[in-house]
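Now for the letters of each chain:
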Amino acid sequence: MANTQSMQDWGKNAFNDLLKLLRTQLFGHLEGVEWTFNTTLSMLQRRWTVIAGCMAATLALCVLLLIITPRQYTAETLLQINTRTEQVTDMEDVVSGMSTTDSAVRTELDVLTSRKVALRVVRNQNLLLEPGFGGHTGVFSLLRNLITSAFLPLATPTQPPVNTPAARLTTDIETPEESKAINTLIRNLDVGMKPRSFSINVRYTAGSPELAQRVVNAIAQEYLNNQLEERFDATKRANDWINGRLKQLQQNVQRSELAVRKFREDNNLTEALGVTLSDQQLSELNSQLILARTQLAEAEAKVVSTRRGVGTTSEVLNNPLIQNLRIQETEVRRKMSDLASRYGPMHPRMQTVRNELANVQGKINEEMGKIRGSLDNDIDMSKARVNTLDQQLQQLQQRNQLASGPAVQLAELERQAEAERSLYESFLQRGRQIAQMDFIQADARVISAAELPQKPSNPKPLLWLMAALALGAGMGVVFMLLLELLDSGFRTTQQLENVLATPALGLLGELTEVADVPHYVVNKPTSAYTEGVRAIRTALQYAKPDTPPRVVLITSSVPQEGKSIFAASLAQLTAQGGGRVLLVDADMRRPSIAKKLNLEPKAGLAELLAGQGKLKDVLLNDKVSNLHIIPSLPNTQFAQELLGSEKMATLMNGWRKDYDLIVLDCPPVMAVADAVTLAKLCDAVVFVARWGTTPRLLVSHALKQLRAAHAPVTGVVMTRVDLTKQKAYGYGDYGYYYGKYKDYYTE
């Protein structure tokens, strides 16, 4: 048992873990996406080519199917169920007219589509010779005949089926060829009722209009013939059976009458006795006994209900005295609740109210006890009455049995003789009616015979094209939603704030086909990218207006996010404004600042921290922007230990005195822990996320690590944004209005 329980717990935990993994991996990146009317329009705007492509593909496939699909023609005939029959002779038929109930009419639909009717149509119309029913037509049939005649010249030819009407219609046994033809006929047959009428539509679809017309008219005619044949056969069988039955009934009547006459003579009974007084008493006592037992059962049911709770019985609920006591109890409880909020449980007024409540409840219980006793007395009285009536009934039955004697036997013989006589007369009258019947009519008639179809019923080009367009649109929507589901990157600043619960400082466009990207903000001071960096710098300053950040750490979750370019741009833009700015390349494993700015350092941050160089030997100056830079050399060991050392803290304190702004370009958080280590020395941490590329879950995990280290995360910057595509992802973002105010910028 313990092993079984442990296995169940393990399976349950594994299942829950699997569900959590699927929810996180498949749907986690949709967190923060608000499905509104505007977002839906934006989705259609950016994914309309998917829907258009699917619609074009399904439309082309539909046109191809319309070209290769053979034309089908449908002929239709209309039958009416007769609700009024023609009474040529005033007598009832052996087979009554068809009922007009829904089930009866639907049964006739089953007859129309039965194999019996189909077999007769196949035989009468020689459908085995028609294409599609068994006739040798088509390229494959001709090729099969040629091969058979070439390789089996001496084979005994198969005798064709006998096609004479007399030979075919003498049996209802289907041959294999006829079975296939019947299946084909039923498959192309459509039978249905017109709404709110007794009319039946019979439709048949074939490859030629003539065949469709001929088959559907033949089905209607065979259906009517089947009804007439069934009526005729039923009338003939009934006539034969009644004639044989009359002879036997005549003998029974003679035998019964002779027995009555002989019994009267033997017992000197000249007449049959009527209903006696004892019989009336017996009937009356029996009725009284049934009534007494019913009353006893009702009394017992009431007692059983009191066992489940006497307070729920109708006698208690409808008792006026108990109802008044209940009202008094409710009033006392309300009074007790009011006093309890002001006095303690031992207060005299509280004790008085409790005594009053106990007195009322005692009276209620006393009244319910009286009711319970009354119900018990009713049961005793009912039982005594049932026993008395039962005894009287038994005594009366014994007296009647002794007094009945021959009169009862005579009455039984007379009733038997009368029954035999009535049955004989009924059969005799019905036999005469059937013998005179010479008119039989069907229960349906043809309202309109099938006409030759003038145009194909299938395929329907307009319907097919509309269905293809609808299917293509549906597939396009599915593919569009699938692409949106697989889009795991950030597209708007609203998504950034909703998912990460962190302010979005701004977004920066992608710098493509630019010669000097690291100095772009210096060379293009009025460009859109430069204005974006200014907006981010302003957001940083006003994030803490009392103490603007002096040391800003810039990091990301993975490489290739545009982190280093943004760090250099922020530092250069501040330096251009006249401030003393220091840019520190804290990515000792893969440094890039010096290379991007075309500088050749001889020593870096690691040498400075290790005491192998002085600040003046490491510090570089970017002449274009008047920016001071501390680079790093690649492949530095013990990077995390150096960044977390006391030397780094000491240097940072000295730099704070000499510079207005210190920008630290740190490695990605998910790659190494260097950024987490330096976070404690900074005033603000700016996290960089690439537009539409960095998975949301990855960014969330990276920010979680920073918050776990109590890093002062100020906000997130979305970089490398395609401003042309970004406007299709909603309203409010910079990219959506880029086309309207791009004249303010000089690229």
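All values derive from a computational prediction rather than experimental measurement.

Each value, and the rule that gives it
Residues numbered from 1 in each chain as written. Predicted model: local features only at pLDDT ≥ 70, side-chain atom pairs only at ≥ 80, totals over all residues. Heavy atoms only, no water. Helix = DSSP H or I, 4+ residues; strand = E, 2+ residues; numbered from the N terminus. Buried < 20%, exposed > 50% of the residue type's maximum accessible area, 1.4 Å probe, protein only. Contact = heavy atoms within 4.5 Å. Areas by Shrake-Rupley, 256 points an atom, 1.4 Å probe, with all protein chains shown as cover. Axes fitted to C-alpha atoms, helices over the stretch in contact; angles between N-to-C directions. Parallel < 35°, antiparallel > 145°, perpendicular 65-115°, else oblique. Left-handed = near helix turned anticlockwise from the far one by under 90°. Nonpolar A, V, L, I, M, F, W, Y, C, P; charged D, E, K, R; others polar. Expected span 1.5 Å × (residues − 1). Pairing = 2+ DSSP bridges. Phe/Tyr/Trp six-rings, centres within 6.5 Å; stacked < 30°, edge-to-face > 60°. Lys NZ or Arg CZ within 6 Å of the ring centre and 35° of its normal. Patch = residues over 30% accessible without salt bridge, like charges linked within 9 Å, V, L, I, M, F, W, Y side chains within 5 Å. Salt bridge = Lys/Arg side-chain N within 4 Å of Asp/Glu carboxyl O.

Participant: Would you take a moment to explain the overall build of the chain for this structure?
Facilitator: Check the secondary structure of the chain and you find 27 helices and twelve strands. For the chain, buried positions account for 37% of its 747 residues. Counting contacts in the chain only where the partners sit at least 6 residues apart, residues at least 24 apart contribute 80% of the total. If you sum the accessible surface of the chain, you get close to 44,200 Å²; carbon and sulfur atoms cover 55% of it.

Participant: For this particular structure, what's the right way to read the packing of helix H15 (residues 493–500) against helix H25 (residues 696–708)?
Facilitator: Relative orientation and spacing of two packed helices are given, respectively, by the angle between their axes and the distance between those axes. Remark: H15 packs on H25, axes separated minimally by 11 Å, with the N-to-C direction vectors making an angle of 50 degrees. Comparing the axis directions of H15 and H25 gives the class oblique. H25 is crossed by H15, and the crossing has right-handed handedness. On H25, the residues touching Gln-495, Val-499 and Leu-500 of H15 are Arg-696, Val-699, Ser-700, Leu-703 and Arg-707. Taken together, the residues of the contact of H15 with H25 break down into four nonpolar, two polar and two charged.

Participant: Sorry, what's going on with helix H17 (residues 528–543) here?
Facilitator: For an α-helix, the turn length of 3.6 residues means that residues three or four places apart are oriented alike. Helix length check: H17, at 16 residues, gives a terminal C-alpha distance of 22 Å against a target of 22 Å (1.5 Å per residue), a fit within 8%. Of the residues making up H17, those classed as buried are Ala-528, Tyr-529, Thr-530, Gly-532, Val-533, Ile-536 and Leu-540.

Participant: Would you mind going over the sheet that holds strand E1 (residues 73–81) with me for this structure?
Facilitator: Two modes of strand pairing occur in sheets, parallel and antiparallel, and in both the strands are linked by backbone hydrogen bonds. In space, the four strands of this open sheet follow the order E2-E3-E1-E4, with antiparallel pairing throughout. The open sheet has two edge strands, strand E2 (189–193) and strand E4 (444–448), and neither has a second partner. Ignoring which end each strand starts from, the neighbouring axes of this sheet average 30 degrees apart. Bridging between E1 and strand E3 (residues 199–206) involves eight bridges; their strand directions are antiparallel. Bridged to Thr-74 within E3 is Thr-205. Against the sheet, helix H3 (residues 102–112) contacts E1, E2 and E3, and its axis sits at roughly 165 degrees relative to E2.

Participant: Even after reading the chapter, I still don't get the packing of aromatic side chains, so can you show me in this structure?
Facilitator: Aromatic ring pairs: the centre-centre distance and the angle between the two ring planes describe each pair. Following the criterion strictly, the structure yields one aromatic pair and no others. Between the aromatic rings of Tyr-520 and Tyr-529, the centroid separation amounts to 5.8 Å while the plane-to-plane angle is 80 degrees, which identifies the pairing as edge-to-face. Just as Tyr-520 is buried, Tyr-529 falls in that class too. A cation over a ring is seen here: Arg-580 above Tyr-659, with NZ or CZ 5.1 Å from the ring centre.

Participant: What should I look at first to understand the sheet that holds strand E11 (residues 684–690) in this one?
Facilitator: Strand order in the open sheet made by the eight strands is E5-E12-E11-E6-E10-E7-E9-E8, with mixed pairing throughout. Each edge of the sheet is formed by a strand with only one pairing partner; in this case those strands are strand E5 (504–509) and strand E8 (620–622). Shown here is a sheet whose adjacent strand axes are inclined to one another by a mean of 25 degrees, direction ignored. Bridge count for E5 against strand E12 (residues 713–721) is four bridges, and the pairing is parallel. When the sheet's bridge partners are listed, Gly-509 is paired in E12 with Val-721. Lying on the sheet, H25 is in contact with strand E6 (551–556), E11 and E12; it crosses E11 at an angle near 170 degrees.

Participant: Can you help me understand the side chain of Ser-557 in this one?
Facilitator: Following the sequence through the fold, Ser-557 ends up in the loop between E6 and helix H18 (563–576). Given a relative accessible area of 1%, Ser-557 falls into the buried group.

Participant: Mind showing me how you'd approach the pairing of strand E7 (residues 581–585) here?
Facilitator: If a strand is regular, its side chains alternate between the two faces of the sheet. Burial analysis of E7 places five of its five residues in the buried class, the great majority of the element. Residues Val-581, Leu-583 and Asp-585 point to one face of E7 and Leu-582 and Val-584 to the other, with burial holding for every one of them. The pairing of E7 with strand E10 (residues 661–665) spans five bridges and is parallel. Paired with Asp-585 across the strands is Asp-665, a residue of E10. Pairing of E7 with strand E9 (residues 627–630), which is carried by three bridges, proceeds in the parallel orientation. The residue of E9 that forms the bridge with Leu-583 is Ile-629.

Participant: Just checking my understanding: could you explain a nonpolar patch on the surface for this structure?
Facilitator: A cluster of nonpolar side chains, namely Leu-59, Leu-61, Val-63, Leu-64, Leu-65, Ile-67, Ile-68 and Leu-469, defines an oily patch on the protein surface of about 690 Å² accessible area. Of the residues forming the nonpolar patch, the biggest block, seven residues, is contributed by helix H2 (residues 37–68). By the secondary structure assignment, Ile-67 is in helix H2. Its relative accessible area of 65% is what places Ile-67 among the exposed residues.

Participant: Please clarify how the packing of H17 against H18 should be interpreted in this entry.
Facilitator: Between H17 and H18, the least distance of the axes is 10 Å, while the angle of their chain directions is 80 degrees. The orientation of H17 with respect to H18, classified from their angle, is roughly perpendicular. Residues Tyr-529, Thr-530, Val-533, Arg-534, Ile-536, Arg-537 and Leu-540 of H17 touch H18, and the partners they reach there are Ile-565, Phe-566, Ser-569, Leu-570, Leu-573 and Thr-574. Tallied by class, the residues present in the contact of H17 with H18 amount to eight nonpolar, three polar and two charged.

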